[in-house]
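Fold and geometry: a report
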Amino acid sequence: MLRARRAALAGLALIGDGAPGPGLGLGRDPGRACSARLLPLPAGPDPPGWREAVAAAAGALQAGGLVAVPTDTIYGVACLAQDSGAVRSIYDLKGRNGRKPLAICLGDVDRLYRYCHVTVPDELLRDLLPGPVTLVLQRSEELNKDLNPFTSLVGVRIPNHPFIREVARACSGPLALTSANISCQASTLTVSEFQDLWPQLSLIVDGGPIGDIQSPECRLGSTVVDLSVSGRFTIIRPGCALAPTVEILRQKYGLVPGSS
């Protein structure tokens, strides 16, 4: 059982499965034909076109499509987690190993309780989410059985980005979310860096560059931490928010580091 748990945690370390470093090998042909729609995301507080962009993304997802979206860390590709066909399409898109799990993405902490069994205080969840952290918890029976059927755990993301959170709220169930890149290639900070994926996407939401595109640290993705064992935490992937996450878990809540 311990060996199986370690294997599951090793897979969860690759939830985003992008690698730090420059976005090489993607978007080399700017003139490449693309069947997907490229939608620039309006900037500013409540700008014109924002609600239309949310509706377009939610509509594409509800139709079973794959949508590229900006998050608070890197660009991601989302689909409906409860749509088994769409989940298979994400694996095909990325050339992803079928034993590597996908995280789910929600708009608010309150919705997390429907899809996960939680053994930590609600205040702890809200100290970390929304933010650049993936929390690994025991999954509930409400979650699609075809999503990560090889593990009883699931990673949960609530990015600190208003667009993806509004899109998640507009959908009937959780999103499945992964990095917008071919598996084992670099994470992406602009839509042009994953242009090779465009033909297989229903919609690409262009939120502009995320962070400093010259900085490898900006491509680390979220910090992944396992909170499925009561009283303990295990860092599965250090990511971009390791120090503040560990400080909260240890100093404020007294959790003890575990071993993967």
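Reading the values: the criteria
- All residue numbers here refer to positions counted from 1 along the written sequence of the relevant chain.
- In keeping with the predicted nature of the model, local features appear solely for residues at pLDDT of at least 70, side-chain atom pairs appear and are counted solely at 80 or more, and the whole-chain, interface and lining totals rest on all residues.
- To get the side-chain values, take all heavy atoms of the structure and skip hydrogens and water.
- pLDDT is defined as a per-residue confidence score from the predictor, taking values between 0 and 100.
- Note on contacts: a residue pair is in contact if any heavy atoms of the two residues lie within 4.5 Å.
- Each residue gets one of three labels from its accessible area relative to the maximum for its type: buried under 20%, exposed over 50%, partly exposed in between, using a 1.4 Å probe on protein chains only.
- The helix and strand labels rest on DSSP assignments: H or I over at least four residues marks a helix, E over at least two residues marks a strand, and numbering proceeds from the N terminus.
- In protein, a polar contact means a hydrogen-donor-capable atom and an acceptor-capable atom, both N or O and within 3.5 Å, with residues adjacent in sequence counting only if both atoms are side-chain atoms; elsewhere, any N or O pair within 3.5 Å suffices.
- For this analysis, a salt bridge means a side-chain nitrogen from Lys or Arg found within 4 Å of a carboxyl oxygen belonging to Asp or Glu.
- Sulfur atoms of two cysteines make up a disulfide when they are within 2.5 Å.
- We define the nonpolar core as a collection of buried residues of types Ala, Val, Leu, Ile, Met, Phe, Trp, Tyr and Cys that are connected through side-chain atoms lying within 4.5 Å of one another.

A few points about the confidence of the model for the protein chain
Averaged over the protein chain, the pLDDT score is 89; the fraction of residues at 70 or greater is 86%. Note on residues 22-34: pLDDT under 50 across the span, and 31 contacts to partners over four residues away in sequence or across chains.

Side note on helix H3 (residues 84-94)
Taken together, the buried positions of H3 are Ser 84, Ala 86, Val 87, Ile 90, Tyr 91, Leu 93 and Lys 94. The backbone nitrogen of Gly 85 has a side-chain oxygen 3.1 Å away, supplied by the residue at the start of H3, namely Asp 83. Gly 95 sits one or two positions beyond H3 and adopts a positive phi of about 65°.

Overview of the pattern of salt bridges
Enumeration over the complete set of coordinates arrives at 10 salt bridges. When the shortest N-O distance is used, the salt bridge between Arg 126 and Asp 110 registers 2.4 Å. In this pair, Arg 126 sits in helix H5 (residues 122-128) while Asp 110 sits in the loop between strand E4 (103-105) and helix H4 (112-115), placing the two residues 16 residues apart along the sequence. Judged by its relative accessible area of 40%, Arg 126 falls in the partly exposed class. Since its relative accessible area comes to 54%, Asp 110 is described here as exposed. Linked by salt bridges that have partners in common, Asp 108, Arg 165 and Arg 169 make up one network.

Observations concerning the state of the cysteines
With the rule as written, the count across this model stands at zero disulfides. Cysteine Cys 240 shares no disulfide, and the gap to the nearest cysteine sulfur, in Cys 218, comes to 8.6 Å.

Description of the nonpolar core
Within soluble globular proteins, side chains that are nonpolar tend to cluster in buried spots. Core analysis: the largest hydrophobic core is formed by 50 residues, its most contacted members being Phe 194, Leu 201 and Leu 227. Put simply, the parts of the chain that give this core at least two residues each are strand E3 (75-80), H3, H4, H5, strand E6 (133-139) and strand E7 (153-157). If you tally residues by element for this core, the top one is H3, at five residues. Counting 23 residues, the second largest nonpolar core, distinct from the first, contains Trp 50, Val 69, Ala 168 and Cys 171.

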